[in-house]
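Coordinate analysis (summary)
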Amino acid sequence: MLHGLGSNKEAMEPLARYAATLGYASLAIDEYGQGERAPTPTMDPLSAAVVQQELLTGIPQTAIDGRRGLDYLETCPKIDSKRFGLVGVSRGAIMGCVASGDDKRLKATVLVSGGGDWSLILQHLAAQARTVGGQSISTAQNINWPFISALLMPEDPLTFASHIAPRPLLMVNGRKDTTIIPAAAEELYKAASAPANSHAQIVWLPDTGHIPAPAQVYPV
């Protein structure tokens, strides 16, 4: 289970407890730069170099961490290694798409409030003068976005989404999400459902913003 930006592994506990009632064990980690691994917060503006470095380091490291988690679970005698699945929320959904596309041990994937095209997501956040990880992204408005798009393509969920097929993928997104905007979610779904028989599905919550209420995702 992968959490969102500015969150931690403990945030996934309610979902993990629900999964346990169905007989599923869960492994939740603090992602790169988050939770107990978070750096000292700062409100300094984000530069293009910082944005690039954070993504170029954080995305592959989180994917590696996820694979290490699967390696560990394979050593647990009570875990059925043929039934691994992944649930990611927000940033965790974006990272989870990369992990699932990269590791076929994951037999099913659920992405909540995820999207694709890093340049589209970041450009939108910059235009809104939002913060990312406690840092203002407003000064990033003058970034060369086509360059960023090309630079981050090897780490973009759009690059990995089609590799999830034919394993099942469920996306859950809010139509009123102003963080991972619907256009980014639609781009990811388009990439994931491009292969024939990809078993990709997207559920739109019409009146929901970035993070759905728990009851909209699972019974509580």
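Residues numbered from 1 in each chain as written. Predicted model: local features only at pLDDT ≥ 70, side-chain atom pairs only at ≥ 80, totals over all residues. Heavy atoms only, no water.

This brings us to the overall build of the protein chain. Secondary structure assignment for the protein chain yields eight helices and six strands. Listing the helices and strands of the protein chain from first to last along the sequence gives α-α-β-α-β-α-β-β-α-α-β-α-β-α. Within the span of the protein chain, comprising 220 residues, buried residues form 45% of the whole. In the protein chain, the proportion of contacts linking residues at least 24 apart, taken out of those at least 6 apart, comes to 72%. On the protein chain, roughly 10900 Å² of surface is accessible, and the fraction owed to carbon and sulfur atoms is 57%. (Helix = DSSP H or I, 4+ residues; strand = E, 2+ residues; numbered from the N terminus. Buried < 20%, exposed > 50% of the residue type's maximum accessible area, 1.4 Å probe, protein only. Contact = heavy atoms within 4.5 Å. Areas by Shrake-Rupley, 256 points an atom, 1.4 Å probe, with all protein chains shown as cover.)

Relative to the elements of secondary structure, Ser113 occurs in the loop between β2 (108-112) and α4 (118-127). Ser113 sits 20 residues away from Ala93 along the chain, and the two C-alpha atoms are 6.8 Å apart. Contacts of Ser113, omitting those with residues within four sequence positions, involve Ser90, Ala93, Val172, Asn173, Asp177, Ile180, His210, Ile211 and Pro212. Polar contacts involving the side chain of Ser113 include one to the main-chain carbonyl oxygen of His210, which spans 2.3 Å. (Polar contact = N/O pair within 3.5 Å; in protein donor to acceptor, adjacent residues only side chain to side chain.)

The space that makes up the largest pocket amounts to roughly 1000 Å³. Along the walls of the largest pocket sit 38 residues, with Tyr24, Ala25, Gly85, Leu86 and Val87 positioned nearest its centre. Top contributing element to the lining of the largest pocket by residue count: helix α2 (residues 48-73), with seven residues. Its residues assigned to classes, the lining of the largest pocket comprises 26 nonpolar, six polar and six charged. (1 Å grid on protein atoms, 1.4 Å probe; cavity = no way out; pocket = protein on both sides within 12 Å on 5 of 7 lines; lining within 4 Å. Points joined across faces, edges and corners; volume = space filled by probe spheres on them. Nonpolar A, V, L, I, M, F, W, Y, C, P; charged D, E, K, R; others polar.)

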